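# Fold and contact review
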Amino acid sequence: MNKKEIIRVIVENLGGKENIINFSHCSTRLRFDLKTTRLVNCKAIEGLKEVMSVVEAAGQVQVVIGPNVIYYYPVLEEFMDREGVGAVPDDAKEYSKKNIFSGLIDIVSSLFTPLIDVLIGAGILKGVLSILVAVGWLGTSTGTYEILNAASDSLYYFLPIILAITASRRFKTNLYVSVTVAGALLYPNITSLYNSGAKLTFLGIPFVLTAFKSSVFPIIFAILLLSYVERIEAKLLPESIRSRLAPFFSLLVVVPITIIIFGPIGSTLSNVIAHIYSTIYTWNPTVAGGFIGALAQVMVVFGIHWGLFPIIFSNIEKFGFDTILAVFGPSIIAQSGATFGVYLKTKNKELKKTTTPTTIMGFFGISEPAIYAVNLKFKKPFIMAIIGGGIGGAIAGATGARAVAVAVAAVPTFPAYFGTGFVGFLVGYFGAFILTAVLTYFFGYDDSMLEDIELAESRKG
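Residues numbered from 1 in each chain as written. Predicted model: local features only at pLDDT ≥ 70, side-chain atom pairs only at ≥ 80, totals over all residues. Heavy atoms only, no water.

## Observations regarding the overall build of the chain
Secondary structure assignment for the chain yields 20 helices and 6 strands. For the chain, the C-alpha radius of gyration of 24 Å lies close to 23 Å, the compact-globule estimate for 461 residues. Projecting the C-alpha coordinates of the chain onto the three principal axes gives extents of approximately 75 × 60 × 40 Å. Across the 461 residues in the chain, those meeting the buried criterion constitute 49%. Considering only intrachain contacts with a sequence separation of at least 6, the fraction spanning at least 24 residues in the chain is 75%. (Helix = DSSP H or I, 4+ residues; strand = E, 2+ residues; numbered from the N terminus. Rg over C-alpha atoms; globule rule 2.2 N^0.38 Å. Buried < 20%, exposed > 50% of the residue type's maximum accessible area, 1.4 Å probe, protein only. Contact = heavy atoms within 4.5 Å.)

Below is the structure:
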């Protein structure tokens, strides 16, 4: 089957085009918001050779394909004949009952998933630069450093503009107005006034400026507000003049509210989140690392790990580094350790073929193939990976391991973890792989499990 036929089968077994409200993708999954899940035929979708699993999580139905999902998504957009995120129809009653937590995870996921690859690329470059400076091969006053530092840091500095683009797509606003709003937050005069601590008023009302570089929450609030402003404009402004006047009113309303109100709210929210995590981590970094290391991949299964990203960005914005990514890393490679343990133990040639690529992908920061193709299928390997990931995370936490940029832990992104606790990070990372492989080999798998699954499937057939 070609990609178009595979997408057709997936869509038909999700209840057809008319049942799909929104769709998007992350690094390994196609994500669907549906009017109702009663029409979903998971068995038919999972019967496709290219599909690893179908998961219902975070208020979505997620079709796990693996890294090749980026080649299927354009085909899905073409097949659906529209962009991924659309307006919610009035008759989508079941969808509207999605709880607030699921809705927030859905929003965060849709905003950050398009940025993952460039975040990783910028993180690697930032890490390489820090290594070159640390070993004395590159001076911070050189033109070479300034150019490469700009390349690695621009994404973080101008993050509000980048998020304005993804938020505009998510909330269906005018893209160019959205970017202009974000640009106003980073306008040089505004930045200079903040740096100088100037006391300002707006229409006679005093307000306090906040820093918007690398910020997350203010621009999200701003584009959400813009979506409501544009709806009001659509009702009140005649169509003949709307395209010219709507941006004027949008900027007039949204920019001042964002700078005066959303800025302080977003800054406070970021400070609170960073403080809470910092307090927990300071209390006992070993426990904090072990907790995240153990449960991180459980969060991945349910699609709620995206909820960590605002915290990660807040940490980097406030402290210049983040420890969550460092303790998260061992959980990823532990899944590969589990599949490697299965590879060593099994005598089944087909299973060996499956476990080889799933083991390798973990070293590139992708755990879903191992989770869905092997570990959850046999259950015990997944439990061994939780143990290994927890111990690896505890080691990374205890040594103060950290990332200086947003880069999901993988061998190519190791430079982003260079510095404080780097050795501990390496020990926790590779230790989680080895420990999980050993645990899986001795306690997590034997070929009788494969025979039991094959017997169960034959009975179903």
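Now that the structure has been shown, the text picks up again.
## So, unusual backbone geometry
Of note, the phi angle at Leu203 is positive, near 55°, even though the residue is not glycine. Looking at the element boundaries, Leu203 is found in the loop between strand 5 (200-202) and strand 6 (205-207). Phi at Lys379 takes a positive value of approximately 70°, unusual for a residue other than glycine. You can see Lys379 is positioned in the loop between helix 17 (368-378) and helix 18 (380-398). The exposure class assigned to Lys379 is exposed, which follows from its relative accessible area of 58%.

## Section: the pairing of strand 1 (residues 20-25)
Buried residues dominate strand 1, accounting for 5 of its 6 residues. Both strand 1 and strand 2 (residues 29-34) contribute to a ladder of 5 bridges, which runs antiparallel. For Ser24, the partnering residue across the bridge sits in strand 2 and is Arg31. Between strand 1 and strand 2, which follow one another and run antiparallel, lie 3 residues. (Pairing = 2+ DSSP bridges.)

## Observations regarding the nonpolar core
Counting 79 residues, the largest nonpolar core has Phe112, Ile219, Phe313, Val406, Tyr417 and Phe425 as the members making the most contacts within it. The dominant element in this core, judged by the number of residues it contributes, is helix 15 (residues 324-345), at 9 residues. The contact partners of Val406, leaving out residues within four places of it in the chain, are Leu119, Ile120, Gly123, Tyr156, Phe309, Ile312, Phe313, Ile316 and Leu325. Counting residues in hydrophobic clusters, the runner-up holds 26 residues, among them Ile6, Phe32, Val63 and Met80. (Core = buried A, V, L, I, M, F, W, Y, C linked by side-chain atoms within 4.5 Å.)

## Let's talk about the domain arrangement of the chain
Domain assignment breaks the chain into domain 1 (3-80), domain 2 (114-266) and domain 3 (284-455). Of note, the centres of domain 2 and domain 3, computed from C-alpha atoms alone, are 34 Å apart. Contacts between the two partners involve 18 residues from domain 2 and, on the opposite side, 16 residues from domain 3. Together, the buried faces of domain 2 and domain 3 total about 1,300 Å²; carbon and sulfur atoms form 81% of this surface. Across the contact surface, domain 2 and domain 3 share 0 salt bridges. Counting the contacts that link domain 2 with domain 3 gives 1 residue pair in polar contact (both at pLDDT 80 or more). (Domains from an automatic or database assignment. Buried area = accessible area lost by both parts, 1.4 Å probe. Salt bridge = Lys/Arg side-chain N within 4 Å of Asp/Glu carboxyl O. Polar contact = N/O pair within 3.5 Å; in protein donor to acceptor, adjacent residues only side chain to side chain.)

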